[in-house]
Every structure is written in structure tokens, then in C-alpha cells.
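# Structure at a glance
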Amino acid sequence: MWRGLWTLAAQAARGPRRLCTRRSSGAAGPGSGATIFALSSGQGRCGIAVIRTSGPSSGHALRILTAVRDLPPARHASLRLLSDPRSGEPLDRALVLWFPGPRSFTGEDCVEFHVHGGPAVVSGVLQALGSVPGLRPAEAGEFTRRAFANGKLNLTEVEGLADLIHAETEAQRRQALRQLDGELGHLCRGWAETLTKALAHVEAYIDFGEDDNLEEGVLEQADIEVRALEVALGAHLRDARRGQRLRSGAHVVVTGPPNAGKSSLVNLLSRKPVSIVSPEPGTTRDVLETPVDLAGFPVLLSDTAGLREGVGPVEQEGVRRARERLEQADLILAMLDASDLASPSSCNFLATVVASVGAQSPSDSSQRLLLVLNKSDLLSPEGPGPRPDLPPHLLLSCLTGEGLDGLLEALRKELAAVCGDPSTGSPLLTRARHQHHLQGCLDALSHYKPSKDLALAAEALRVARGHLTRLTGGGGTEEILDIIFRDFCVGK
Ligand SMILES: Nc1nc2c(ncn2[C@@H]2O[C@H](COP(=O)(O)OP(=O)(O)OP(=O)(O)O)[C@@H](O)[C@H]2O)c(=O)[nH]1
Ligand SMILES: [K+]
Ligand SMILES: [Mg+2]
């Protein structure tokens, strides 16, 4: 998650960075001449490290380091002794792979050296590559940028790749893989084709409308297709918040009367002592936020002050902050003490918070709520259970852990609804950029009124199509590319 937060924090700490490309050099463009190299596996001691090159001198570099005149067979691993070309000193016995362009990740000639992962070996091979004329170290994201420039990936696929590298939860990984597979790009291309066809029809009508040799119903057909596209775009936009939540984390807020066990639950779900737990009501005052992986979904979990009136000014401020945070929640975990359901604070909580969220119809409610009755261990086995008039709820004991599995399963279902389930359904719009262009496309289509003015209608179609093209990176401006490629590390 968190990548958003981390990137912001890192940028604040370091000041603006220029990580990826030198725009002026046009280093990413095909035929830019330079051959780049970098360590593509993680930094630090490891069993195997992968060093990659990309560019026209890749084959030359491979021959020089292996001191073998013939290149190994394409896309087959071969064992070779690598030596420093300057001193002839052996560096490592390594697996090398030769990927002649265009059938490579970047579309250019590429080589992979799978060397032993010790820091001395890695730095020896990197230095040896640096000594080969025409080779220079890669900048962050430069391999991917070349792949993009050579048409190997479109922009949404590049974003999917960045997300895949940074994915921290199962659901994020699945979503990133789907995007990398080109699902969103595919959808956009289909929509753009529809618009191209409609545009062709409108333009034909402008040119030949008066003639008899134009098929009948051409404009009507274009009209039907554009209106259907508007409906599809609208449906996707309504879903947009879900994709972004999956990328940056859903807001889950734990609330309830004092001492219900909210902090105990937050500690249990995050598996660390985030909040102070004590028998004293009113222990938690500030909102305490912690990133967690809940059932495979990225979540920002907030612990809040117990809701009650008639307390001192500090706790009152805590209650105000708790209510404020509650309004921003995607999912509310409403918690009550199962052994204390008749108390005024429990009744008041049920009548206000639980009832008000529950009253919204599921389709238009922006928030979801799970009611949890904690401290089930305090209920006597034969005595009457929780009140019969309660809304649907789950029983839990933070003390014994009983009911935790059921709660996690319920959370998984709720979060799938909040974030969108990446294993099913239509591709999600994971970034504000996607939403911006789809909205732009939809706005342009609202000006499509061929019955009023054919020329303006054609222009509306052109503007709308431009948004879809830019979404997948066609005609993308350098600034957008810079922002997207900044997400990558060196070697990717
Ligand atoms: N028996 C029992 N006690 C529990 C359980 N969960 C929490 N407690 C106890 O209940 C008390 C209150 O727990 P907290 O987690 O501090 O409750 P809270 O809702 O965060 O309280 P405030 O922050 O004061 O609003 C502590 O003494 C916990 O040890 C449970 O499942 N069973
Ligand atoms: K407490
Ligand atoms: Mg607390």
C-alpha cells in the first residue's frame, strides 16, 4: 500500500528526485544507441543475482566477458566462465542467456547473466560491463521504458508491472497480473475502435450524406454504438473507487463504546501491540492507524476512542476524532461487549451508528458495516445468548481467539466488495489517471449530437477517442511517462 505513503514520505525526505530518464537525451527511444546494464535482482547477499543488459552492444558485451566468439543459442541457458576483459581475471562461472531482439523483454538485444550473488562477484561483473565501450549503467525504470518505447508493453501494462513489483498482498498481486496481461488496455482499445468506426460513419455522412449511394441507417448505427459505449464507461467509472482502494488500501475503522475491546481487536488483527489495552474505559484517545494485510487485501486499520458523552475535554476531542474518522471509513467494524449489551452506551451505539449505516440500502451505501460482539468468553454457556432483536452479528473473543476465523472470512467477503475481487469481474481502474481519461471520454461523448451538428459531433468523437488512446499511452506526454516510470527501481 503504503507505496503511495512511502513514496510521498521518501520524496519529502529527499526532495524531488529524477530517477528514471533523461528526457533530453531521449535515452529510452528505440535506436538511441546506448546499451544499458543493471543488477535486476534485489540488492544484498543472495544465492543468485541477475544482471541484465539491453541495447545493440549486448551481444558484443557477452562475447567480450565470456571470451567466446560465438554467441550461445538464443533463449537457452549456457554455462560460461566470465572474466574481466581488462585483466583477464576470472570473475565467476555463470549461466548466461542471450535474447536477440525483437523477441526480448525490451524488444532490443538483451543478455542475462545469472551469477553467484556475493557482492564482490556482482560488483566485479558490473565493473567489467562498464568497461565495455557503448555500455552504461541503466537508470530507474529504463528497461521497462524501452519495452514501452518498442511497443512491448502499453502504458496500463507498464503500470501493472510497477504494481506487481510493489504488490504486498495477494489481492494486489492478482490485480497487477491482470493489468499486466493487458486487460484494461484491451478494453480501451475495443472502445477506441468503436469510436473510430462511429467517426468513420459520421465523416462519411458529412462527405456523402446527400448522395444516394450511402447505406441507410449509418448515422443511426453510430448513434446506438456511442450510447452503448456511454453506458459501459459509466459502469466502469462507478467502479473506479474500488480499484484505487485495492491499490492503496481500504479504510477499516474499529468503533464502539468504551472498553468493548476495540484496541484488543486492532492488536490481534495487526499481530502487534499497536494500541494500549487496559480495563480502564477511555484508554484510547487518538486515532491510531496501522497498515495490515487482512485476508489478502491491503487495509489501513484505525483504532479509535470509545464513543460516549459527558467526559472531560481530552476524551471529548478523542470522540470527535473518532466520529470524523468513522465518516471516512470504507468498512466499519462495530464492536460491542457481548456481556454488556443492555448498558446505555451499548444501546445508544446500536441505535445511532449501527442503525444509521444499516438503514442505507446496500446498493447506494458508500459504507459497509460488520457488527462484532466481543468477550463471548464471558457469556455463560447455558444462559440466554445475545439479545434476539440484534442485527446480524459475529461472536468473538479477543481473549481466547474464538470466532477469529469467522471474522476473517467475513472480512474477506466485505473487502472483496469494497476493493473489488481481482480474480473475477471486469478490470479495475487502479489509478486516478485511468479515471480521469474515462471521465474525459464520457464528457466528450455528451457533446455528441449528430442531429444538431455533424461537424461538432465528429469532433466530440475525436476528443473522446484521444482520451482512450492516452490511457494506454498513445501520444502520452513525457511528464506522464516520467511519473509512471518513477515507480520502478533500477534494473527494471
Ligand atoms: N474477557 C475478555 N476480556 C477482554 C476481551 N477483549 C478485551 N478484553 C478486556 O477488555 C478491556 C478493554 O479492552 P480494550 O481493548 O482496551 O478496549 P477498548 O474498546 O479499546 O477500550 P477504550 O480504548 O477505552 O475505548 C481490557 O481489560 C481487555 O483485556 C475478551 O474477548 N474477553
Ligand atoms: K480500555
Ligand atoms: Mg482502546
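Heads up: the structure comes first, above all this text.
None of the values given here were measured: they were computed from a predicted structure.

### What about the side chain of Arg-52?
Structurally, Arg-52 is set in strand β2 (residues 48–54). For the buried residue Arg-52, which engages in no salt bridge, the nearest side chain bearing the opposite charge is Glu-112, 4.7 Å off. At 3.0 Å, the side chain of Arg-52 forms a polar contact with the side chain of Ser-40.

### Some points on the pattern of salt bridges
Here the structure, examined in full by the defined rule, presents 19 salt bridges. In this structure, Glu-409 engages Arg-412 in a salt bridge whose closest nitrogen and oxygen atoms are separated by 3.0 Å. Of this pair, Glu-409 and Arg-412 both sit in helix α13 (residues 404–419), three residues apart, which is roughly one turn of the helix. Judged by its relative accessible area of 31%, Arg-412 falls in the partly exposed class. Beyond isolated ion pairs, a larger network of salt bridges with shared partners links Asp-286, Glu-317, Arg-320, Arg-321 and Glu-324.

### Some words on the nonpolar core
In terms of nonpolar packing, the biggest core is built from 30 residues, with Leu-195, Leu-233, Leu-438, Leu-445, Tyr-448 and Leu-461 touching the most fellow members. Residue assignment for this core shows that the elements contributing at least two residues are α7 (183–208), α8 (218–238), α14 (432–445) and α15 (454–471). Aside from chain neighbours lying at most four places away, what touches Leu-445 is Leu-195, Val-226, Arg-227, Leu-229, Glu-230, Leu-233, Leu-461 and Ala-464. Core analysis: the second largest hydrophobic core is formed by 29 residues, Val-266, Leu-333, Leu-404 and Leu-407 among them.

### Description of the coordination of the potassium ion (ligand 2)
Distances from the potassium ion (ligand 2) to its protein donors, namely Asn-259 (OD1), Ser-278 (O), Glu-280 (O) and Thr-283 (OG1), fall within the range 2.5 to 2.9 Å. Along the chain, the residues donating to the potassium ion (ligand 2) are arranged with the sequence spacing N-x18-S-x1-E-x2-T. A spacing of 4.9 Å is found between the potassium ion (ligand 2) and the magnesium ion (ligand 3). With Asn-259 in the loop between β7 (250–255) and α10 (262–270) and Glu-280 in the loop between α10 and β8 (288–294), this pair connects stretches of sequence that are 21 residues apart. For Asn-259, a relative accessible area of 29% translates into the label partly exposed. Of the residues examined, Glu-280 reaches a relative accessible area of 52% and is grouped as exposed.

### Quick notes on the coordination of the magnesium ion (ligand 3)
Ideal geometry at a metal gives 109.5 degrees between four tetrahedral donors and either 90 or 180 degrees between six octahedral ones. Surrounding the magnesium ion (ligand 3) are the protein donor atoms Ser-263 (OG) and Thr-284 (OG1), which sit 2.0 Å from the metal. In this structure Thr-284 comes out as buried when scored by relative accessible area, which is 10%.

### Let's talk about the site of ligand 1
For ligand 1, the set of nearby residues contains 23 residues, the closest of which are Lys-262, Ser-263, Ser-264, Gly-282 and Thr-283. Thr-284 places a polar side-chain atom, nitrogen or oxygen, 2.8 Å from an oxygen atom of ligand 1. Here the element with the most residues in the shell around ligand 1 is α10; it accounts for three residues. Here the shell around ligand 1 is composed, by residue class, of eight nonpolar, eleven polar and four charged.

### Looking at α7
Helix length check: α7, at 26 residues, gives a terminal C-alpha distance of 37 Å against a target of 38 Å (1.5 Å per residue), a fit within 8%. Among the residues of α7, Leu-184, Gly-185, Cys-188, Trp-191, Ala-192, Leu-195, Ala-198, Leu-199 and Val-202 are the ones counted as buried.

### Re the pairing of β7
The buried fraction of β7 amounts to five of the six residues, a majority that puts the element mostly inside the structure. Relative to strand β9 (residues 297–303), β7 is paired through five bridges, and the arrangement is parallel. Among the inter-strand pairings, Ala-250 is bridged to a residue of β9, identified as Val-299. Sheet topology places β7 next to strand β10 (residues 331–337); four bridges connect them, and they run parallel. Bridge pairing in β10 places Val-254 opposite Leu-333.

### Details of the sheet that holds strand β12 (residues 394–395)
Reading across from one edge, β8-β9-β7-β10-β11-β12 is the order of the six strands in this open sheet, with mixed pairing throughout. On the outer flanks of this sheet lie β8 and β12, each paired with one strand and no other. Against the sheet, α13 makes contact with β7, β8, β9, β10, β11 (368–374) and β12, and its axis sits at roughly 170° relative to β11, the strand it touches most.

### Details of the packing of α14 against α15
As a packed pair, α14 and α15 sit with axes 8 Å apart at the nearest point and diverge in direction by 170°. Regarding the angle of α14 to α15, the classification is roughly antiparallel. Across the interface between the two elements, Arg-433, His-434, His-436, His-437, Leu-438, Gly-440, Cys-441, Ala-444 and Leu-445 from α14 touch Ala-460, Leu-461, Val-463, Ala-464, His-467, Leu-468, Arg-470 and Leu-471 from α15. When the residues that make up the contact of α14 with α15 are grouped by side-chain class, the tally is ten nonpolar, five polar and two charged.

### Brief notes about the environment of Ile-332
Among the structural elements, Ile-332 can be located in strand β10. Residue Ile-332 is classed as buried on the basis of its relative accessible area of 1%. It is 6.1 Å that separates the C-alpha atoms of Ile-332 and Arg-368, two residues lying 36 residues apart in sequence. Other than its neighbours up to four places away in sequence, Ile-332 contacts Val-253, Thr-255, Leu-326, Val-357, Gln-367, Arg-368, Leu-369 and Leu-370.

Conventions adopted
Residues take numbers from 1 onward in each chain, read along the sequence in its written order. Chain A is the first chain written and ligand 1 is the first ligand written, with later ones labelled in order. Given that the model is predicted, a residue must reach a pLDDT of at least 70 before its local features are reported, and side-chain atom pairs must reach 80 or more before they are shown or counted; all residues, however, enter totals for whole chains, interfaces and linings. Hydrogens and water molecules were not included; the side-chain quantities draw on all heavy atoms of the structure. What counts as a helix is a DSSP run of H or I of at least four residues, what counts as a strand is a run of E of at least two, and both are numbered from the N terminus. To sort residues, take the accessible area from a 1.4 Å probe on protein chains only and compare it with the maximum for the residue type: under 20% means buried, over 50% means exposed, and anything in between is partly exposed. Charge assignment in this entry is limited to Lys and Arg as positive and Asp and Glu as negative, and neither His nor the chain termini are counted. Every case where a carboxyl oxygen of Asp or Glu lies within 4 Å of a side-chain nitrogen of Lys or Arg is listed as a salt bridge. N or O atoms closer than or at 3.5 Å make up a polar contact, with two conditions inside protein: a donor-capable atom paired with an acceptor-capable one, and, for residues adjacent in sequence, both atoms drawn from side chains. We define a nonpolar core as any set of buried Ala, Val, Leu, Ile, Met, Phe, Trp, Tyr and Cys residues linked to one another through side-chain atoms lying within 4.5 Å. Only heavy atoms enter the contact rule, under which two residues are in contact if any of them lie within 4.5 Å. Think of the donor list as every N, O and S atom within 2.8 Å of the metal, or within 3.2 Å for Na, K and Ca; water never makes the list, so a site can look incomplete. One heavy atom within 4 Å of a molecule or strand is enough for the residue carrying it to be called near that molecule or strand. Only Asp, Glu, Lys and Arg are considered charged in this grouping, and only Ala, Val, Leu, Ile, Met, Phe, Trp, Tyr, Cys and Pro are considered nonpolar; every other residue, Gly among them, is considered polar. A helix is expected to reach a length of 1.5 Å times the quantity of its residues less one. Pairing between strands is defined by DSSP: at least two bridges between them are needed. To get an axis, fit a line to the C-alpha atoms, keeping to the stretch in contact for a helix; angles then go from 0 to 180 degrees between the N-to-C directions. We call two directions roughly parallel when the angle between them is under 35 degrees, roughly antiparallel when it is over 145, roughly perpendicular when it lies between 65 and 115, and oblique otherwise.

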